[in-house]
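The lines below spell out each chain.
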Amino acid sequence: MVTIVVSIVCSLFCGVYADESGITSHQDSPWAGTWTDANYSLSLSQDGSTINGIAIVTDSDVADPFRLTGTLSEDGKTLQSVVTETGTLTLNLSEDKMMFYGAGTVDAVDNVSEPYAYTFNATRNGTTIVSDQEWTGIWISKRNVINLIQNSNSVSGDYHPLTSLKFGGLVNGTTSADGKTLSMKWISPVNDTFSLSDDGMNMIEGECTDEKISVNGYCLNLTKEV
């Protein structure tokens, strides 16, 4: 009889405890998991208020993979994050020093995929050519305005979208011995805010302005996979 009573009590309360434990675990890490939209599959891990993740693209001609790091607000509903993309550029200066052309890559973030490669060219935007500083100047590409400063064989600078003055990223590299080829690395760390929907199923980019849409063509609105 005692055994039967214990079994009945356990069946009533142990199951409730197990269910509540599962709910608590989910509530403790509502951001953890895989989030997707038409362009991205974003995998996030959550450790308290700290969020880390990587986003893999479905079409590298439309979007770039990125790493995400950030911190949650006290109520756990808002994520202040840095979205980071990195890559390389290898550029060749034209004979008249008025344009450069070459190739770039976007680094993979999953340690499995190959870097995405693309061609790149730009023209000098009216800046004066200085001897031994031929790469110094303002350059216009299809998507960006690039500001470069050359010091001996070192070149550094920054860039921003052609349609906006908002910061885009940094570049840093060195020239070849003859000064005609420039090998660079680029990094684009962008501050971004996301909010979690009340049902915990959507991760929505907070600053979805007309300017951002004109630059990226979209804003992130990700759905959690279950």
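Quantities reported herein were computed from a predicted structural model and do not represent experimental measurements.

Peer 1: Just give me the short version of the overall build of the protein chain, but keep the residues and values in it.
Peer 2: Counting secondary structure elements, the protein chain contains 2 helices and 14 strands. Taken over 226 residues, the protein chain has a buried fraction of 35%. Expressed as a percentage of contacts within the protein chain between residues at least 6 apart in sequence, the contacts between residues at least 24 apart total 38%. Summed over its atoms, the accessible surface of the protein chain is roughly 13,000 Å², and 55% of this surface lies on carbon and sulfur atoms.

Peer 1: Outline unusual backbone geometry, supporting the account with residue identities and numerical values.
Peer 2: Unlike most non-glycine residues, K97 shows phi in positive territory, near 60 degrees. The backbone of D132 shows a phi angle near 70 degrees, a positive value even though the residue is not glycine. Tracing the backbone shows D132 in the loop between β7 (116-124) and β8 (137-141). On the accessibility criterion, D132 (58% relative accessible area) is exposed.

Peer 1: Give a description of the nonpolar core that names residues and reports values.
Peer 2: Formed by 19 residues in total, the largest nonpolar core has its most connected members in W31, L68 and M203. If you list the elements that add at least two residues to this core, you get β2 (40-47), β3 (50-57), β4 (66-72), β5 (78-93) and β12 (181-196). Dropping the residues within four chain positions of it, L68 is found in contact with L44, I51, N52, G53, L79, S81, V82, V83, F194 and M203.

Peer 1: Residue-level account of the packing of aromatic side chains, with values.
Peer 2: In this structure the tally under the stated criterion is 6 aromatic pairs. Ring plane angle 10 degrees and centroid distance 6.1 Å describe the contact between F100 and F120, whose orientation is recorded as stacked. Here the residue F100 occupies a position in strand β6 (residues 99-106), and F120 occupies one in strand β7, the gap between them amounting to 20 residues. In this structure F100 comes out as buried when scored by relative accessible area, which is 1%. One aromatic cluster is present, formed by F100, Y116, Y118, F120, W135 and W139 through successive ring pairs.

Peer 1: Describe the pairing of strand β14 (residues 221-224), naming the residues involved and giving the relevant values.
Peer 2: Successive residues of a regular strand alternate their side chains across the two faces of the sheet. Taking every second residue as pointing to the same face, the buried face of β14 carries L222 and K224, while none of N221 and T223 on the other face is buried. With 2 bridges connecting them, strand β1 (residues 33-36) and β14 associate as antiparallel partners. Bridge pairing links T36 to T223 in β14. In this structure, strand β13 (residues 202-205) lies alongside β14, joined through 3 bridges in antiparallel fashion. Looking at β14, one finds that M203 is bridged to L222.

Parameters and conventions
- Residues numbered from 1 in each chain as written.
- Predicted model: local features only at pLDDT ≥ 70, side-chain atom pairs only at ≥ 80, totals over all residues.
- Heavy atoms only, no water.
- Helix = DSSP H or I, 4+ residues; strand = E, 2+ residues; numbered from the N terminus.
- Buried < 20%, exposed > 50% of the residue type's maximum accessible area, 1.4 Å probe, protein only.
- Contact = heavy atoms within 4.5 Å.
- Areas by Shrake-Rupley, 256 points an atom, 1.4 Å probe, with all protein chains shown as cover.
- Core = buried A, V, L, I, M, F, W, Y, C linked by side-chain atoms within 4.5 Å.
- Phe/Tyr/Trp six-rings, centres within 6.5 Å; stacked < 30°, edge-to-face > 60°.
- Pairing = 2+ DSSP bridges.

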